[in-house]
Amino acid sequence: MQNSEWLEKYFERVAQSSAEGREAVEYVRARKIKVGMRRARKSVGAFWTLEGKFFLNSIHHTKESVLENPRAWTLFVHEVRHLQQGALTALSIYGELDAWQVEFNLYKRLTGKPLHAVLEELLSLPLNMDRKHLEHARKLMMQYAGKSYGANWLPLYPIHKEIKYWVTRRY
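Everything numeric in this text was worked out from a predicted model, so none of it was measured.

### Here we look at the packing of aromatic side chains
Inspection of the entire model under this criterion finds 11 aromatic pairs. Between Phe-54 and Phe-76, the aromatic rings sit 5.2 Å apart at their centres with planes inclined by 85°, giving edge-to-face as the arrangement. Here Phe-76 lies in helix α3 (residues 70–85) and Phe-54 lies in strand β3 (residues 54–57), a separation of 22 residues in the sequence. Neither residue differs from the other here; Phe-54 and Phe-76 are each classed as buried.

As structure tokens, then:
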């Protein structure tokens, strides 16, 4: 299957999956964001780059499998959410919590399957700037995805707000 043919089918599947999927595909198309497959470390399902590109991890996905796998559709929505947030927010626990909640609420809705207890707890957290909630979210992400996920390296707030917090103790 040609790359352009595969990409159109993948976009179609994501867009048909949900309103969130449709909006994510529209965002990618409008901004001509490159989408593809690339190998990454095992703890990563998909990733975005600072250049505004999106890749599915070829360790876990094939061009054929992503057309039938709701997980690949929700990962698309997750990574596009980061591109919408911008790098400063995306590279924070706040940005991750937002993207994880969008992704796993959608996955739960699409599959009707119960989620791992850690994910359910993560979904129950409010999306706000409360440091205790964000610290707890980081702990849950690490518990679910493992230390190699890298959440321990991210600031709780977007970096400009994190710096302000450390100077003023207010966000």
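### Thoughts on the layout of surface pockets
Each pocket or cavity is described by its volume, and for the largest pocket that value is around 600 Å³. Lining of the largest pocket is provided by 27 residues; of these, Val-44, Ala-46, Glu-79, Glu-96 and Tyr-149 occupy positions nearest its centre. Elements with a contribution of two residues or more to the lining of the largest pocket: β2 (46–48), α3, α5 (93–111) and α7 (131–145). With five residues, α3 is the largest single contributor of residues to the lining of the largest pocket. Taken together, the residues that form the lining of the largest pocket break down as 15 nonpolar, six polar and six charged.

### Regarding unusual backbone geometry
Here Lys-32, not a glycine, exhibits a phi torsion of approximately 50°, which is positive. Relative to the helices and strands, Lys-32 is located in the loop between α2 (19–31) and β1 (35–38).

### Let's talk about a nonpolar patch on the surface
Taken together, the side chains of Leu-88, Ile-159, Ile-163 and Val-167 define a hydrophobic patch exposed on the protein surface, amounting to about 380 Å² of accessible area. If one sorts the elements of the nonpolar patch by residue count, helix α8 (residues 159–168) sits on top with three residues. When you line up the elements, Ile-163 lands in helix α8.

### Thoughts on α7
Relative to the 21 Å expected for 15 residues at 1.5 Å per residue, α7 spans 21 Å between its end C-alpha atoms, a close match to the ideal helical length. Turning to α7, its buried residues are Arg-131, Leu-134, Ala-137, Leu-140, Met-141 and Met-142. If you check the start of α7, you find a side-chain oxygen 2.8 Å away from the backbone N of Lys-132, and it comes from Asp-130. Once α7 finishes, Gly-146 follows within two positions and takes phi at roughly 95°, a positive value.

### Considering the nonpolar core
Counting 28 residues, the largest nonpolar core has Tyr-10, Val-35, Phe-54 and Phe-76 as the members making the most contacts within it. Secondary-structure elements contributing two or more residues to this core are α1 (3–17), α2, β2, β3, α3 and α5. It is α3 that provides the largest number of residues to this core, a total of seven residues. When neighbours within four sequence positions are excluded, Phe-76 is seen to be in contact with Tyr-10, Phe-11, Val-14, Ala-24, Val-25, Val-28, Val-35 and Phe-54. Ranked by size, the runner-up nonpolar core spans 23 residues in total, among them Phe-104, Tyr-107, Leu-115 and Tyr-149.

### Section: the side chain of Thr-74
With respect to the secondary-structure elements, Thr-74 resides in helix α3. A distance of 3.1 Å separates a polar side-chain atom of Thr-74 from the backbone oxygen of Arg-71. The residues contacting Thr-74, other than those within four sequence positions of it, are Glu-103, Leu-106, Tyr-107 and Leu-110.

### Quick word on the pattern of salt bridges
This model, assessed by the stated rule, comprises eight salt bridges. With a shortest N-O distance of 2.9 Å, Arg-29 and Glu-8 are connected by a salt bridge. In this pair, Arg-29 is assigned in helix α2 and Glu-8 in helix α1, connecting sequence segments 21 residues apart. Assessed through its relative accessible area of 40%, Arg-29 is described here as partly exposed. Assessed through its relative accessible area of 39%, Glu-8 is described here as partly exposed. Arg-81 serves as the salt-bridge partner of Asp-98, at 2.9 Å between the closest nitrogen and oxygen. With Asp-98 in helix α5 and Arg-81 in helix α3, the pair connects residues that are 17 residues apart, well separated along the chain. Relative accessible area serves as the criterion here: at 28%, Arg-81 is assigned to the partly exposed category.

Parameters and conventions
- Residues numbered from 1 in each chain as written.
- Predicted model: local features only at pLDDT ≥ 70, side-chain atom pairs only at ≥ 80, totals over all residues.
- Heavy atoms only, no water.
- Phe/Tyr/Trp six-rings, centres within 6.5 Å; stacked < 30°, edge-to-face > 60°.
- Helix = DSSP H or I, 4+ residues; strand = E, 2+ residues; numbered from the N terminus.
- Buried < 20%, exposed > 50% of the residue type's maximum accessible area, 1.4 Å probe, protein only.
- 1 Å grid on protein atoms, 1.4 Å probe; cavity = no way out; pocket = protein on both sides within 12 Å on 5 of 7 lines; lining within 4 Å.
- Points joined across faces, edges and corners; volume = space filled by probe spheres on them.
- Nonpolar A, V, L, I, M, F, W, Y, C, P; charged D, E, K, R; others polar.
- Patch = residues over 30% accessible without salt bridge, like charges linked within 9 Å, V, L, I, M, F, W, Y side chains within 5 Å.
- Areas by Shrake-Rupley, 256 points an atom, 1.4 Å probe, with all protein chains shown as cover.
- Salt bridge = Lys/Arg side-chain N within 4 Å of Asp/Glu carboxyl O.
- Expected span 1.5 Å × (residues − 1).
- Polar contact = N/O pair within 3.5 Å; in protein donor to acceptor, adjacent residues only side chain to side chain.
- Core = buried A, V, L, I, M, F, W, Y, C linked by side-chain atoms within 4.5 Å.
- Contact = heavy atoms within 4.5 Å.

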